[in-house]
Amino acid sequence: MASTVIGAGITIEGEVSSEDDVVVQGTIRGKLHGKDRVTVEQGAVVEADVTSGPLTVAGTITGNIHSHDRVDLQAGAKVVGNVKATRITIADGAQFKGNVDMDV
Amino acid sequence: MAQGKTISRGASHSSGGPSVLGAGVTVRGRLTGDGDVTVEGTIEGAVSVTGALIVAAGASISSEDALQARTAVIAGNVEGGVVAQGNVRLMASARVRGDLKGSEISIDEGADFQGRIDASFELPAELAGGRSALKA
């Protein structure tokens, strides 16, 4: 289990920074800086620019994403914003609007 | 009064699942919502939850407003006070600056606390009538 879990009932308005893994099940409005793995689960809402290590999304992100590793948009994910990452997968059933920059 | 030495999570959960903010986490802003929350990291801002709030040893919360929760167990550093519907417990490692309010307040030996305590409770029968009842 990840060291940090922002539960489904929780809303954070502001800036979240984490050195360790983060699982988002609730809502974050503001900024999310993760140094390690970030998982945005189904039902989660992130209205924030996100920096992260590996990022897995099954929920909703509105904001720009900058991962220094890979980004996986799973079925059910909804992402509006630009993605900068070394690798990206967009699963069948994921919704995505924005640009992809793979830093080549 | 709770006497256990371990920090246990609240027995019941509200609609949200339990949340943990790990030791490497810093939040600048407001944290609100349902469910139990365990804070091991740092929060600079208000906290208001409907479930149990646990501030672990080594954690730090500074807020202009008092922290709001159903119950609160504090083993870390809190600036800004605590308001709970239920119990507020300061563990031995707690350092709290601010007022405490709850149905029951307990402060373990070794806790560092500066502030006021506001606890509503029923007086024992022999004290309920004031001084006249004591003499009777």
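Residues numbered from 1 in each chain as written. Chains lettered and ligands numbered in written order. Predicted model: local features only at pLDDT ≥ 70, side-chain atom pairs only at ≥ 80, totals over all residues. Heavy atoms only, no water.

1. Thoughts on the overall build of chain B
Of regular secondary structure, chain B possesses two helices and 17 strands. Within chain B, the proportion of its 136 residues that are buried is 41%. If you take every contact in chain B between residues at least 6 apart in sequence, the share linking residues at least 24 apart comes to 9%. By element, 49% of the accessible surface of chain B is carried by carbon and sulfur atoms, the whole surface being about 6900 Å². (Helix = DSSP H or I, 4+ residues; strand = E, 2+ residues; numbered from the N terminus. Buried < 20%, exposed > 50% of the residue type's maximum accessible area, 1.4 Å probe, protein only. Contact = heavy atoms within 4.5 Å. Areas by Shrake-Rupley, 256 points an atom, 1.4 Å probe, with all protein chains shown as cover.)

2. A look at the pattern of salt bridges
Between side chains of opposite charge, a pair can form as their charged atoms come close. All names here are of chain B. All told, the structure shown has twelve salt bridges over all chains when counted by the stated rule. The shortest N-O distance in the salt bridge between Arg-28 and Glu-44 comes to 3.3 Å. Remark: Glu-44 occurs in strand β4 (residues 42-44) and Arg-28 occurs in strand β2 (residues 25-33); sequence separation between them is 16 residues. The class of Glu-44 is partly exposed, set by a relative accessible area of 38%. For Arg-116, the salt bridge identified is with Asp-99, shortest N-O distance 3.7 Å. Separated by 17 residues along the polypeptide, Arg-116 in the loop between β16 (112-114) and β17 (117-119) and Asp-99 in the loop between β13 (95-97) and β14 (100-102) bring together distant segments of the chain. (Salt bridge = Lys/Arg side-chain N within 4 Å of Asp/Glu carboxyl O.)

3. Quick notes on the interface of chain B and chain A
Taken residue by residue, the interface counts 20 residues in chain B and 18 residues in chain A. Buried surface at the junction of chain B and chain A, summed over both partners, amounts to about 1400 Å²; 47% is from carbon and sulfur atoms. At the junction of chain B with chain A, the criterion picks out one salt bridge. For the salt bridge of B:Arg30 with A:Glu13, the shortest nitrogen-to-oxygen distance reads 3.1 Å. Inspection of the region where chain B meets chain A yields nine residue pairs in polar contact (both at pLDDT 80 or more). Secondary structure elements with two or more residues in the side of chain B that touches chain A: β1 (19-21) and β2 of chain B. When residues in the side of chain B that touches chain A are grouped by element, the largest group, nine residues, is from β2(B). Its residues assigned to classes, the side of chain B that touches chain A shows eight nonpolar, nine polar and three charged. As paired elements, strand β2 (residues 10-18) of chain A and β2(B) share nine bridges and run antiparallel to each other. (Buried area = accessible area lost by both parts, 1.4 Å probe. Polar contact = N/O pair within 3.5 Å; in protein donor to acceptor, adjacent residues only side chain to side chain. Nonpolar A, V, L, I, M, F, W, Y, C, P; charged D, E, K, R; others polar. Pairing = 2+ DSSP bridges.)

4. Quick notes on the environment of A:Glu19
Residue and element names in this part refer to chain A. Residue position: Glu-19 is located in the loop between β2 and β3 (22-24). On the accessibility criterion, Glu-19 (46% relative accessible area) is partly exposed. Separated by 16 residues in sequence, Glu-19 and Lys-35 place their C-alpha atoms 5.0 Å apart. A distance of 3.2 Å separates a polar atom in the side chain of Glu-19 from a polar atom in the side chain of Lys-35.

5. As for the environment of A:Val16
Tracing the backbone shows A:Val16 in strand β2. Separated by 14 residues in the primary sequence, A:Val16 and A:Gly30 place their C-alpha atoms 7.9 Å from one another. Aside from chain neighbours lying at most four places away, what touches A:Val16 is A:Ile28, A:Lys31, A:Leu32, A:His33, B:Val25, B:Thr26 and B:Val27.

6. Regarding the side chain of A:Thr39
Here A:Thr39 is to be found in strand β5 (residues 38-40). In contact with A:Thr39, not counting residues within four places along its chain, are A:Val22, A:Val23, A:Val24 and A:Thr56.

7. Describing the confidence of the model for chain B
The predicted coordinates should not be examined in detail at positions where pLDDT is low. Looking at chain B, pLDDT values average 85 and 82% of them are 70 or higher. Contacts for the low-pLDDT stretch residues 1-14 of chain B, under 50 throughout, to residues beyond four places or in other chains number 27 contacts. (pLDDT = per-residue confidence, 0-100.)

8. Examining the nonpolar core
Core analysis: the largest hydrophobic core is formed by 51 residues, its most contacted members being A:Ile61, B:Leu31, B:Leu53 and B:Ile74. Ignoring anything within four residues of it in the chain, the contact list for B:Leu31 reads A:Ile10, A:Thr11, A:Ile12, B:Leu21, B:Val37, B:Ile43, B:Ala46, B:Val47, B:Ser48 and B:Val49. (Core = buried A, V, L, I, M, F, W, Y, C linked by side-chain atoms within 4.5 Å.)

9. Re the pairing of β2(B)
All names here are of chain B. Summarising the sheet, β2 and β4 pair through three bridges and their orientation is parallel. Residue pairing across strands places Thr-26 opposite Thr-42, the latter belonging to β4. Judged from the three bridges that link them, β2 and strand β5 (residues 47-49) form a sheet pairing that is parallel. In the sheet register, Gly-33 faces β5, and the bridge partner there is Val-49.

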